[in-house]
Amino acid sequence: MSTIFDLRISVQPEHIDVLGHVNNVIYVQWMQDVAAAHIETLGLGVAQYLELKHAMVAVEHHVQYRKAALAGDEIILRTWLDDINALYSFRQYAFYREKDQSILFLGNTKWACIEIATGRPKRMSPSFIQAYQPVPTDLNPLDFSALYAQI
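Cut-offs applied
- Residues numbered from 1 in each chain as written.
- Predicted model: local features only at pLDDT ≥ 70, side-chain atom pairs only at ≥ 80, totals over all residues.
- Heavy atoms only, no water.
- Buried < 20%, exposed > 50% of the residue type's maximum accessible area, 1.4 Å probe, protein only.
- Helix = DSSP H or I, 4+ residues; strand = E, 2+ residues; numbered from the N terminus.
- Pairing = 2+ DSSP bridges.
- Axes fitted to C-alpha atoms, helices over the stretch in contact; angles between N-to-C directions.
- Contact = heavy atoms within 4.5 Å.
- Core = buried A, V, L, I, M, F, W, Y, C linked by side-chain atoms within 4.5 Å.
- Phe/Tyr/Trp six-rings, centres within 6.5 Å; stacked < 30°, edge-to-face > 60°.
- Lys NZ or Arg CZ within 6 Å of the ring centre and 35° of its normal.

S.K.: So what exactly am I meant to see when it comes to the pairing of strand S5 (residues 102–115) here?
M.R.: Within a regular beta strand, the side chains point alternately toward one face of the sheet and then the other, so they alternate between its two faces. Of all the 14 residues making up S5, 10 are buried; the element is thus mostly covered by neighbouring parts of the structure. Judged from the 11 bridges that link them, strand S2 (residues 54–65) and S5 form a sheet pairing that is antiparallel. Bridge pairing links tyrosine 65 to phenylalanine 105 in S5. By the bridge criterion, 10 bridges tie strand S4 (residues 88–97) to S5 in an arrangement that is antiparallel.

Shown next, in the form of C-alpha cells:
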C-alpha cells in the first residue's frame, strides 16, 4: 500500500531565477523527482516499468505557487497518491519549508498507464494497482508535524 513520502532538498543556486527565487519550472522538476523517488520505494520504479513493458506518464499537472523558495532553503517535497482507476493514478504534492512552517507549493498530476512499445493507453497491471493505492483517509498529508519515509 502507498503512503505519504517525503524527500528533503536544499535549494541550490542553479534553481534561482533572475527575480531571486526558485524558478517555476524547477517546481515541476521537483514534482517529477519526488514522484520517481516515491515509486522506487514502492518497488515499482523504472526497472520494473521496463520489465512489465508499461509505465505511468504525466498527462496533466495543476500547480499553485504560494510562497517563494530562496537559495539555501531546506524544503520537504511531499507526495502521495489519492485516487486510482484502471488507466489513471492521481498524485498530490505539497512542498514545505520548516523554518517558517510554510507550504510553498501545492500541485497534482494525473498519470496515465501506457504500453511502452506503442505509447498507447493500457490498463494497469495488478502490480501497478497494488502499489499505487491511495493513502489511508485517516492521514492528513498537509500535517507536517509528522514526517514520512525519506531518502
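S.K.: Hey, could you run me through the sheet that holds S5 in this one?
M.R.: Read from one edge to the other, the open sheet built from five strands follows the order S1-S3-S4-S5-S2, with strand pairing classed as antiparallel. Each having just a single partner strand, strand S1 (5–10) and S2 make up the two edges of the open sheet. Neighbour to neighbour, the strand axes of the sheet diverge by 25° on average, direction disregarded. By the bridge criterion, nine bridges tie strand S3 (residues 74–84) to S4 in an arrangement that is antiparallel. Bridged to isoleucine 76 within S4 is tyrosine 96. Relative to S4, helix H1 (residues 24–41) is tilted by about 115°, and along the sheet it contacts S1, S2, S3, S4 and S5.

S.K.: Teacher, can you tell me more about the environment of threonine 137 here?
M.R.: By the secondary structure assignment, threonine 137 is in the segment after helix H3 (126–131). On the accessibility criterion, threonine 137 (84% relative accessible area) is exposed. Taking the C-alpha atoms as reference, threonine 137 lies 9.1 Å from aspartate 82; in sequence the two are 55 residues apart.

S.K.: It is not clear to me how the nonpolar core should be interpreted in this structure. Could you clarify?
M.R.: Looking at soluble globular proteins, one finds that nonpolar side chains tend to be buried together. The biggest cluster of nonpolar side chains holds 32 residues, and the ones touching the most others in it are Trp30, Ile75, Phe95 and Tyr132. Taken together, the elements giving at least two residues each to this core come down to S1, H1, S2, S3, S4, S5 and H3. Among the elements that make up this core, the one with the highest residue count is H1 (eight residues). In this view, isoleucine 75 contacts Leu7, Arg8, Ile9, Val11, Trp30, Ala69, Phe95, Tyr96 and Leu104; residues no more than four positions away in its chain are not counted. Trp80, Ala94, Ile103 and Val135 belong to the second largest nonpolar core, which has nine residues in total.

S.K.: How do you make sense of unusual backbone geometry when you look at a structure like this?
M.R.: A negative phi angle is the norm for most residues apart from glycine, just as the trans form is the norm for most peptide bonds. Even without being glycine, lysine 53 reaches a positive phi, approximately 70°. With respect to the element layout, lysine 53 can be found in the loop between helix H2 (46–52) and S2. Lysine 53 sits in the exposed class, given a relative accessible area of 58%. In the Ramachandran plot, glutamine 101 falls in the positive-phi region, its phi being about 50° despite a non-glycine side chain. In this structure, glutamine 101 sits in the loop between S4 and S5.

S.K.: What exactly am I supposed to notice about the packing of aromatic side chains here?
M.R.: The geometry of an aromatic ring pair is captured by two quantities: the separation of the ring centres and the angle between the planes. This structure, assessed with the given rule, holds 11 aromatic pairs. Seen from their ring centres, tyrosine 88 and phenylalanine 90 are 6.4 Å apart, and the 45° between their planes marks the pair as tilted. According to the relative accessible area criterion, tyrosine 88 is partly exposed, its value standing at 26%. Between phenylalanine 95 and phenylalanine 105, the aromatic rings sit 4.7 Å apart at their centres with planes inclined by 20°, giving stacked as the arrangement. You can see phenylalanine 95 sitting in strand S4 and its partner phenylalanine 105 sitting in strand S5, a full 10 residues away along the chain. Assessed through its relative accessible area of 0%, phenylalanine 105 is described here as buried. Three or more aromatic residues joined by ring pairs make a cluster, and in this case those are Tyr27, Trp30, Tyr65, Phe95 and Phe105. Geometry around phenylalanine 144 places arginine 78 over its ring, the cationic atom sitting 3.9 Å from the centre. The ring of tyrosine 88 has lysine 110 sitting right over it, with the charged end atom 4.1 Å from the ring centre.

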